[in-house]
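What follows is the residue order along each chain.
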Amino acid sequence: MTGKRICLTALTLVTVLLLGGWTSLSSLTALEVFDRQEPDGVYRVGDHLVKAESRLEPAMLAHAAGVFRSVYDACLAESGGKIWLAVIPGKHAFLAGDRPSLDYWEMADAITAQAPFLEAIDLTGVVTLENYYRTDVHWRQEELLPVARHLASAMGVPLTGEGWAVQTFTEDFRGSYLKDHDLSIPPDTLCYLTGPALEGCTVTCYDLMGRPQPGVVYDKSKANGQNPYDLYLSGPQGLMTLENPGAATDRELILFRDSFGSSLAPLLAESYAKITLVDLRYLPSYLLGDYVDFHGQDVLFLYSSLLLNNSLALR
């Protein structure tokens, strides 16, 4: 450590003790001063908090591919629809620096090799650091229109992405990384998009008995709870639909997704008359046929690298 670094470190320690006390000091020394990770793998780069992703887990990718094969064999093989896979890069891809980082295309290749019915859509060229919150794992809806256009183009549906307006829900969004680590990082702004594509949309959620319940695109009551990201389509749901009678086509999409899909799906409502969202963490693949009518819809498996590389929650 150079003399300059020692002086800066000493000054930082004094500042933290004066302003934040020992709790802040503990997190700061782990994440910033001594450049070490927290036990859960989170570290700080500037004002971004990020979780380390450095090694592909073949067993986890095999598990995910196995679940996708089960879905295909039971529901999609005779359906006749086109089927795609898109892997969402983790924020770590843009902040790893000298640290090892995952090859996200290699991850997609590993899954499609075991589930060859999937056609991979590469997101690595369209997703950037600006898509992500500084304090959270998720991506920001107001930055996702280029991603939505890219996906729509790959799936062969029109999407202009025009007419959207950015609405601010809160300027005090403290993402999961910030809540877990007491650091002096400014909170994020949590926004959502409104526009003509959503004006006539209806959302329906289904309980474990398959009974329909009315839902909303943006659930502000959920956003005021423990997880503000639940603003988008009410957060985790096993099965829900988003229908738009004014869509540019009469095509339908089945979106197998994790939480990242909640903020993206509304942006595809311009293109699809009906989007069925399935979360295999809450609706097991072996029950799908009891709840969803498969009749040739487009199908997209859209998953974050963090989930695919730790996929045991998929069933």
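Being a predicted model, the structure only gives us computed values, none of them experimental.

Reading the values: rules and limits
- Residues numbered from 1 in each chain as written.
- Predicted model: local features only at pLDDT ≥ 70, side-chain atom pairs only at ≥ 80, totals over all residues.
- Heavy atoms only, no water.
- Helix = DSSP H or I, 4+ residues; strand = E, 2+ residues; numbered from the N terminus.
- Buried < 20%, exposed > 50% of the residue type's maximum accessible area, 1.4 Å probe, protein only.
- Polar contact = N/O pair within 3.5 Å; in protein donor to acceptor, adjacent residues only side chain to side chain.
- Contact = heavy atoms within 4.5 Å.
- Salt bridge = Lys/Arg side-chain N within 4 Å of Asp/Glu carboxyl O.
- Pairing = 2+ DSSP bridges.
- Axes fitted to C-alpha atoms, helices over the stretch in contact; angles between N-to-C directions.
- Phe/Tyr/Trp six-rings, centres within 6.5 Å; stacked < 30°, edge-to-face > 60°.
- Arc of directions from axis to C-beta.
- pLDDT = per-residue confidence, 0-100.

Take glutamate 142: it is sitting in the loop between strand S4 (119–121) and helix H6 (145–155). For glutamate 142, a relative accessible area of 15% gives the class buried. A polar atom in the side chain of glutamate 142 sits 3.1 Å from the side chain of arginine 140. Those residues in contact with glutamate 142 that lie beyond four places of it in its chain are Val166, Thr189, Cys191 and Leu193.

This next bit is on the pattern of salt bridges. In the structure shown here, the tally under the stated rule is nine salt bridges. The salt bridge involving arginine 174 is made with aspartate 172; its shortest N-O contact spans 3.1 Å. With a closest N to O distance of 2.7 Å, arginine 211 and aspartate 207 form a salt bridge. Take arginine 211: its relative accessible area is 49%, and that puts it in the partly exposed class. Among the charged side chains, a salt-bridge network with shared partners connects Arg140, Glu142 and Glu143.

Below, the discussion takes up the sheet that holds strand S7 (residues 202–206). Pairing in this open sheet of eight strands is mixed, and the strands run S4-S3-S12-S10-S11-S9-S7-S8 from one edge to the other. The outermost strands of the open sheet, each flanked by one partner alone, are S4 and strand S8 (212–215). In this sheet, neighbouring strand axes are inclined to one another by 25 degrees on average, regardless of whether the strands run parallel or antiparallel. Note that strand S10 (residues 252–257) and strand S12 (residues 298–304) share five bridges and pair parallel. Directly across from leucine 255, in S12, lies its bridge partner leucine 300. On the sheet, helix H3 (residues 58–76) packs against strand S3 (83–88), S10 and S12 and is oriented at approximately 165 degrees with respect to S12. Packed onto the sheet, H6 meets S3, S4, S10 and S12 and runs at close to 155 degrees relative to S4.

Counted under the stated rule, the structure contains 11 aromatic pairs. Taken together, a centroid distance of 6.0 Å and an interplanar angle of 45 degrees make the contact between phenylalanine 94 and tyrosine 132 tilted. Taken as a pair, phenylalanine 94 in helix H4 (residues 92–95) and tyrosine 132 in the loop between S4 and H6 lie far apart in primary sequence, 38 residues in all. What makes phenylalanine 94 partly exposed here is its relative accessible area of 31%. Each ring, one from tryptophan 139 and one from phenylalanine 260, has its centre 5.6 Å from the other, and the planes form 65 degrees; the classification is edge-to-face. With tryptophan 139 in the loop between S4 and H6 and phenylalanine 260 in helix H10 (residues 260–264), the pair connects residues that are 121 residues apart, well separated along the chain. Given a relative accessible area of 0%, tryptophan 139 falls into the buried group. By relative accessible area, phenylalanine 260 is classed as buried at 4%. Joined through ring pairs, the aromatic side chains of Tyr133, Phe173, Tyr192, Tyr218, Tyr229 and Tyr232 make up one cluster.

Our next topic: helix H5 (residues 104–114). Every buried residue of H5 is accounted for by Tyr104, Met107, Ala108, Ile111 and Thr112. Here the buried residues of H5 occupy an arc of 125 degrees about the axis, which is enough to place them on one side. Considering only its buried residues, H5 is in contact with H3, S3, H4, S4 and helix H12 (305–308).

Quick look at the pairing of strand S11 (residues 274–278) now. Of all five residues in S11, four are buried; the element is thus mostly enclosed. For strand S9 (residues 239–243) and S11, the ladder comprises five bridges, and the chain directions are antiparallel. Bridge assignment links methionine 240 to a residue of S11, and that residue is leucine 277. Direction of pairing for S10 relative to S11: parallel, over a ladder of five bridges. Each bridged residue has a counterpart across the sheet, and for glutamate 252 the counterpart in S11 is lysine 274.

With that out of the way, let us pick up the confidence of the model for the protein chain. For the protein chain, the average pLDDT comes to 85, and 86% of its residues sit at 70 or higher. Counting contacts from residues 1–37, a segment whose pLDDT is below 50, to residues more than four positions away or on other chains yields 44 contacts.

Another point: the environment of leucine 239. Positionally, leucine 239 belongs in strand S9. Distance from leucine 239 to leucine 208, taken between C-alpha atoms, is 8.9 Å for residues 31 residues apart in sequence. With near-sequence residues (within four places) excluded, leucine 239 lies in contact with Thr204, Cys205, Tyr206, Thr276, Leu277, Val278, Leu283, Tyr291 and Val292.

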